[in-house]
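Listed here are the chains, written in short residue letters.
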Amino acid sequence: AQSVTQLGSHVSVSEGALVLLRCNYSSSVPPYLFWYVQYPNQGLQLLLKYTSAATLVKGINGFEAEFKKSETSFHLTKPSAHMSDAAEYFCAVRSGGYQKVTFGTGTKLQVIP
Amino acid sequence: KAGVTQTPRYLIKTRGQQVTLSCSPISGHRSVSWYQQTPGQGLQFLFEYFSETQRNKGNFPGRFSGRQFSNSRSEMNVSTLELGDSALYLCASSIGQGTGSYEQYFGPGTRLTVT
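Keep in mind that this is a model prediction, so the values were computed, not measured.

## Quick word on the overall build of chain A
Part 1 of the reasoning: Along its length, chain A carries 0 helices and 11 strands.
Part 2 of the reasoning: Counted from the first residue to the last, chain A has its helices and strands arranged as β-β-β-β-β-β-β-β-β-β-β.
Part 3 of the reasoning: The C-alpha atoms of chain A give a radius of gyration of 13 Å, which matches the 13 Å a tight globule of 113 residues would have.
Part 4 of the reasoning: Its C-alpha atoms put chain A at 40 × 30 × 20 Å along the principal axes.
Part 5 of the reasoning: Within chain A, the fraction of its 113 residues that count as buried is 46%.
Part 6 of the reasoning: Long-range contacts, defined as pairs at least 24 residues apart, comprise 57% of the intrachain contacts of chain A with a sequence gap of at least 6.
Part 7 of the reasoning: Accessible area for chain A stands at about 5,400 Å²; split by element, carbon and sulfur atoms hold 53% of it.

## Considering the overall build of chain B
Part 1 of the reasoning: Across its full length, chain B carries 0 helices and 11 strands.
Part 2 of the reasoning: Each helix (α) and strand (β) of chain B, taken in turn from the N terminus, gives the series β-β-β-β-β-β-β-β-β-β-β.
Part 3 of the reasoning: Residues classed as buried in chain B amount to 51% of the 115 residues present.
Part 4 of the reasoning: Excluding contacts between residues fewer than 6 apart, the proportion of contacts in chain B whose partners are at least 24 apart in sequence is 54%.
Part 5 of the reasoning: Accessible surface, chain B as shown: approximately 5,300 Å² in total, 48% of it carbon and sulfur.
Part 6 of the reasoning: Here chain B contributes 11 positive and 6 negative side-chain charges, whose respective centroids are spaced 4 Å apart.

## Quick word on the interface of chain A and chain B
Part 1 of the reasoning: At the interface, 19 residues of chain A touch 22 residues of chain B.
Part 2 of the reasoning: Of the roughly 1,800 Å² buried between chain A and chain B on both sides combined, carbon and sulfur atoms contribute 53%.
Part 3 of the reasoning: Linking chain A with chain B are 2 salt bridges, by the criterion used here.
Part 4 of the reasoning: In this structure, E48 of chain B engages R94 of chain A in a salt bridge whose closest nitrogen and oxygen atoms are separated by 3.5 Å.
Part 5 of the reasoning: Connecting chain A to chain B are 3 residue pairs in polar contact (both at pLDDT 80 or more).
Part 6 of the reasoning: Elements with a contribution of two residues or more to the side of chain A that touches chain B: β4 (32-38), β5 (44-50) and β9 (87-94) of chain A.

## With respect to the nonpolar core
Part 1 of the reasoning: Grouped together as the largest cluster of nonpolar side chains are 26 residues, with contacts concentrated most on W35, L48, F74, L76 and Y89 of chain A.
Part 2 of the reasoning: Counting residues per element, the ones that place at least two in this core are β2 (10-14), β3 (19-27), β4, β5, β7 (64-68), β8 (73-78), β9 and β11 (107-112) of chain A.
Part 3 of the reasoning: In contact with F74 of chain A, not counting residues within four places along its chain, are C23, L33, F34, W35, L48, Y50, V57, A65, E66 and F67 of chain A.
Part 4 of the reasoning: By size, the runner-up hydrophobic cluster in this structure holds 21 residues, among which are L21, C23, L81 and V114 of chain B.

Quick notes on the rules
Residues numbered from 1 in each chain as written. Chains lettered and ligands numbered in written order. Predicted model: local features only at pLDDT ≥ 70, side-chain atom pairs only at ≥ 80, totals over all residues. Heavy atoms only, no water. Helix = DSSP H or I, 4+ residues; strand = E, 2+ residues; numbered from the N terminus. Rg over C-alpha atoms; globule rule 2.2 N^0.38 Å. Buried < 20%, exposed > 50% of the residue type's maximum accessible area, 1.4 Å probe, protein only. Contact = heavy atoms within 4.5 Å. Areas by Shrake-Rupley, 256 points an atom, 1.4 Å probe, with all protein chains shown as cover. Lys, Arg positive; Asp, Glu negative; His and termini not counted. Charge placed at Lys NZ, Arg CZ, Asp CG, Glu CD. Buried area = accessible area lost by both parts, 1.4 Å probe. Salt bridge = Lys/Arg side-chain N within 4 Å of Asp/Glu carboxyl O. Polar contact = N/O pair within 3.5 Å; in protein donor to acceptor, adjacent residues only side chain to side chain. Core = buried A, V, L, I, M, F, W, Y, C linked by side-chain atoms within 4.5 Å.

Structure representation (structure tokens):
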């Protein structure tokens, strides 16, 4: 079984501040983990992925995430928020093989000027 | 490469009708997954097709069905529409097997409104 928990359905940060979006996962086997971003009325765009190579993963738009097995976490960070980062972010897990992907409930990021 | 395309982008239907949504994956991708997204339930997995076979299935009633063609294009059908079927339906494609098969690329979605 696999699951994803995203802590905080809404997060607000000031422009230029650190962005931290939390994701914890549960998986019976080594997982593949993803972060996606969704802008209003659009589909999801892949930000980054963890597939058991480096534990610190860099993605697009300055985002990165660190896989911590001991904490079963895969938090998303960005050093300095831009107004254009305002969107909804989804963490997702796939427990290897050809299992379905399970998405978290999403975190809406608001960036305050 | 062209991205994932979904047609139509918007659709309004009446309760009791049926609807067919179409998805064309990225060239070379053989897996297509469908998701329903609503404000209350979030992103829910419907089913995944790989090489014309259903590989995974979510917990939706039998009114929701899908298929995949030999060119990897996929359709999903919802029969006897209910008000609760109003949602954004997202299609995602992936390579489907081997290394690097795990990430999915999403289309823009079809916004279905049932009145």
